[in-house]
There are 2 protein chains.
Amino acid sequence: MTRRTVEVKVSIDRSIQQSAEDIARAIRERLAARKILAINLISSPGSGKTTLIEKVIDALAGKRRVAVVEGDIETDIDAQRIRKHGVQVCQINTRSSCHIQPAQLVKALEGMDLDAVDILIVENVGNLVCPAEVPLGEDVRVVLLSVTEGDEKPLKYPLVFKTSDILVITKTDLLPFVQFDPEAVRRAARAVNPGIEIFEVSATRGDGLDSLLARIESLSAGKAR
Amino acid sequence: MTRRTVEVKVSIDRSIQQSAEDIARAIRERLAARKILAINLISSPGSGKTTLIEKVIDALAGKRRVAVVEGDIETDIDAQRIRKHGVQVCQINTRSSCHIQPAQLVKALEGMDLDAVDILIVENVGNLVCPAEVPLGEDVRVVLLSVTEGDEKPLKYPLVFKTSDILVITKTDLLPFVQFDPEAVRRAARAVNPGIEIFEVSATRGDGLDSLLARIESLSAGKAR
């Protein structure tokens, strides 16, 4: 009895997964038609996603029109922070969902003026597991890992590191005070994803931001071509 | 068509949820019969769960027999760390599950000598969302929040703070180097859970460990009565 029930659930989960992929593909086509670079930003809670987005917005002001979709279980704290930087922002509250669902992103995009956007940054719910399983039609998936989280994380949460294009090691200003070996992280990340690009950044101090910004600009230029 | 499919899924999810609660109840009864204090430890990846467990084991050596169940998506890195402290440990690899499932815990307990255990610590998968939804038959749910994660987290991830008995603010040795107001966290945590007990700890430096250990010992004594 239980067994049959679970089999039913699996087949339905597959159809929901399929439908999510269809929606993600539609999002990708819609953004591609407007030459918008879409970035899906994933990390644990508190790795510094919002702070990094704030720095990127300020650094690209006048050069690229950035818009942000904020995903959180509850509250619009992050959207309020982003709004102060004068860009379009939409807050999604995912409630019981541990990741942004493609359909939620579709609804968020409906409320935005996409003709006035060059780069769309989607800040996913703070979580290293569920968001990794769900494509949102992004061009680039970026995973953040702060130096306070431990250097074994790519081995313990392989999927998000395997499916990401870029790894940003954040909060490097705290390196003198924690046990964290950036080289060990590079090795571990490349063990699950040999092609992953890796940046080291202290968003609060500015270290390493220039090369990450240059990469984002070049990805955006590639879309606009 | 899609709508009907989703409705089917919801009803099956409910029956799975019910079954999970039944298993959790059975775990609770089994541990209670042996007067074992069961602690479910939840936090983001890298908030210091394993380090805290190591300190608790060493501090209680000779006073309480601690056993540990380690939950990780992949690897047995944490179980290897715990094993060095000379206690029973079982690693669960949850694979695609973002939390330990009650049935996985049952299987882990089958391989342990529960007659030689006073305190069972279950280290859940690093995640502030999914583990909060799933009872494991624990007596005490403990959520960790490190000072590097930001003081707004109880508002953004309310369920885990609402369902926890104890909040441990960890890595307080890093307070001078980050923007984090412990009082703001206390207020935010109590806004969602007025009865939550709050401790501040630096596991690496030892600050605040004594009062947390005293609380664990008193909870254990309460079970043994």
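Refer to the structure printed above.
Residues numbered from 1 in each chain as written. Chains lettered and ligands numbered in written order. Predicted model: local features only at pLDDT ≥ 70, side-chain atom pairs only at ≥ 80, totals over all residues. Heavy atoms only, no water.

Enquirer: Could you clarify how one ought to interpret the overall build of chain A in this entry?
Expert: Looking only at helices and strands, chain A features 8 helices and 7 strands. Here chain A has a C-alpha radius of gyration of 18 Å; the compact-globule value for 225 residues is 17 Å, and the two agree. Each of the 225 residues in chain A was classed as buried or not, and the buried ones make up 55%. Long-range pairs, those at least 24 residues apart, make up 71% of the contacts in chain A between residues at least 6 apart in sequence. Carbon and sulfur atoms provide 50% of the accessible area of chain A, an area that totals close to 9,600 Å². Considering chain A, the positive charge centre built from 31 side chains and the negative charge centre built from 32 side chains are found 3 Å apart. (Helix = DSSP H or I, 4+ residues; strand = E, 2+ residues; numbered from the N terminus. Rg over C-alpha atoms; globule rule 2.2 N^0.38 Å. Buried < 20%, exposed > 50% of the residue type's maximum accessible area, 1.4 Å probe, protein only. Contact = heavy atoms within 4.5 Å. Areas by Shrake-Rupley, 256 points an atom, 1.4 Å probe, with all protein chains shown as cover. Lys, Arg positive; Asp, Glu negative; His and termini not counted. Charge placed at Lys NZ, Arg CZ, Asp CG, Glu CD.)

Enquirer: Quick question: what am I supposed to make of the state of the cysteines here?
Expert: The term disulfide refers to a covalent linkage connecting the sulfur atoms of a pair of cysteines. Residues and elements named next belong to chain A. The tally for this structure, following the rule as stated, stands at 2 disulfides over all chains. One disulfide in the model links Cys98 with Cys130; its S-S distance is 2.3 Å. Across the S-S bond linking Cys98 and Cys130, the dihedral sits near -105°, which makes this disulfide left-handed. Of the two residues, Cys98 is situated in the loop between strand 3 (88–93) and helix 4 (102–110) and Cys130 in the loop between strand 4 (119–123) and strand 5 (140–146); the sequence distance between them amounts to 32 residues. (Disulfide = S-S within 2.5 Å.)

Enquirer: Explain the pairing of strand 6 (residues 166–170) of chain A to me, please; I cannot follow it from the model alone.
Expert: Along a regular strand, successive side chains alternate from one face of the sheet to the other. Residues and elements named next belong to chain A. Of all 5 residues that make up strand 6, 5 are buried, and the element is covered over most of its length. Side chains Ile166, Val168 and Thr170 project from strand 6 onto one buried face, and the interleaved Leu167 and Ile169 project onto a second face that is buried too. As paired elements, strand 5 and strand 6 share 5 bridges and run parallel to each other. Its bridge partner being in strand 6, Val143 is matched across the sheet by Leu167. Sheet topology places strand 6 next to strand 7 (residues 197–200); 4 bridges connect them, and they run parallel. When the bridges of strand 7 are listed, Val168 appears paired with Phe199. Remark: the strand 6/helix 7 (residues 182–192)/strand 7 crossover connection has right-handed handedness. (Pairing = 2+ DSSP bridges. Right-handed = clockwise from strand over helix to strand, strands pointing away.)

Enquirer: Hey, could you run me through the pattern of salt bridges in this one?
Expert: It is possible for side chains bearing opposite charge to pair when their charged atoms get close. Residue and element names in this part refer to chain B. With the rule as written, the count across this model stands at 34 salt bridges over all chains. As a salt-bridge pair, Asp139 and Lys223 come within 2.9 Å of each other at their nearest N and O atoms. One end of the pair, Asp139, is in the loop between strand 4 (119–123) and strand 5 (140–146); the other, Lys223, is in helix 8 (residues 209–224), and 84 residues separate them in sequence. Between Glu152 and Lys156 there is a salt bridge, with its nearest N and O atoms 3.7 Å apart. Here the two residues Glu152 and Lys156 agree in accessibility, since each one is buried. (Salt bridge = Lys/Arg side-chain N within 4 Å of Asp/Glu carboxyl O.)

Enquirer: Teacher, can you tell me more about unusual backbone geometry here?
Expert: Residues and elements named next belong to chain A. Residues other than glycine seldom take positive phi values, yet Thr75 does so here, at roughly 75°. Despite not being glycine, Lys171 has its phi angle at roughly 60°, a positive value. Relative to the assigned elements, Lys171 resides in the loop between strand 6 and helix 7. We classify Lys171 as buried; its relative accessible area is 16%.

Enquirer: Which parts of the structure should I look at to understand helix 8 (residues 209–224) of chain A?
Expert: Helical geometry note: an α-helix holds 3.6 residues per turn, so side chains three or four residues apart project in the same direction. Residues and elements named next belong to chain A. Taking 1.5 Å as the rise per residue, helix 8 with 16 residues should run 22 Å; its terminal C-alpha atoms sit 22 Å apart, in good agreement. Turning to helix 8, its buried residues are Leu209, Leu212, Leu213, Ile216, Glu217, Leu219 and Ser220. Buried residues of helix 8 fall within an arc of 160° about the axis and therefore sit on the same side. Buried positions along helix 8 lie against strand 1 (37–42), helix 2 (49–60), strand 4, strand 5, strand 6 and strand 7. (Expected span 1.5 Å × (residues − 1). Arc of directions from axis to C-beta.)

Enquirer: When you look at the interface of chain B and chain A in this model, what are you seeing that I'm missing?
Expert: One frequently used descriptor of interface size is the decrease in accessible area upon assembly of the parts. On the chain A side, the residues contacting the 37 residues of chain B number 37 residues. When chain B packs against chain A, the two sides together hide about 2,900 Å² of surface, and 67% of this comes from carbon and sulfur. The interface formed by chain B and chain A includes 4 salt bridges. The salt bridge involving Asp78 of chain A is made with Lys156 of chain B; its shortest N-O contact spans 2.6 Å. (Buried area = accessible area lost by both parts, 1.4 Å probe.)

Enquirer: What exactly am I supposed to notice about the nonpolar core here?
Expert: Generally speaking, nonpolar side chains in soluble globular proteins are found buried as a group. In this structure, Tyr157, Val160 and Leu167 of chain A together with Tyr157, Val160 and Leu167 of chain B are the most contacted members of the largest nonpolar core, which totals 46 residues. Within the residue set of this core, elements represented by two or more residues are strand 5, helix 6 (158–162), strand 6 and helix 7 of chain A together with strand 5, helix 6 (158–162), strand 6 (166–170) and helix 7 (182–192) of chain B. When residues no more than four places from it in sequence are discounted, the contact partners of Tyr157 of chain B are Pro45, Ile73, Val125 and Gly126 of chain A together with Leu128 and Val129 of chain B. (Core = buried A, V, L, I, M, F, W, Y, C linked by side-chain atoms within 4.5 Å.)

Enquirer: Quick question: what am I supposed to make of the pairing of strand 5 of chain B here?
Expert: Residues and elements named next belong to chain B. Within strand 5, 7 of the 7 residues are buried, which leaves it mostly tucked inside the rest of the structure. As paired strands, strand 1 (residues 37–42) and strand 5 are joined by 4 bridges and run parallel to one another. Bridge pairing links Ile42 to Val143 in strand 5.

Enquirer: So what exactly am I meant to see when it comes to the side chain of Arg186 of chain A here?
Expert: Mapped onto the fold, Arg186 of chain A is located in helix 7. Every residue in contact with Arg186 of chain A, bar those within four places of it in the chain, is listed here: Ile198 and Glu200 of chain A.

Enquirer: Help me understand the packing of helix 2 (residues 49–60) of chain B against helix 8 of chain B, please; the structure alone is not making it clear to me.
Expert: Between two packed helices, the angle of one axis relative to the other and the distance separating the axes together describe the packing. Residues and elements named next belong to chain B. At a minimum axis distance of 11 Å, the contact between helix 2 and helix 8 shows a crossing angle of 70°. With respect to their mutual orientation, helix 2 and helix 8 come out roughly perpendicular. Seen along the crossing, helix 2 lies across helix 8 with a hand that is right-handed. Across the interface between the two elements, Leu52, Lys55, Val56, Ala59 and Leu60 of helix 2 pack against Leu209, Leu212, Leu213, Ile216 and Glu217 of helix 8. (Axes fitted to C-alpha atoms, helices over the stretch in contact; angles between N-to-C directions. Parallel < 35°, antiparallel > 145°, perpendicular 65-115°, else oblique. Left-handed = near helix turned anticlockwise from the far one by under 90°.)

Function-wise, these values are silent; they only describe arrangement.
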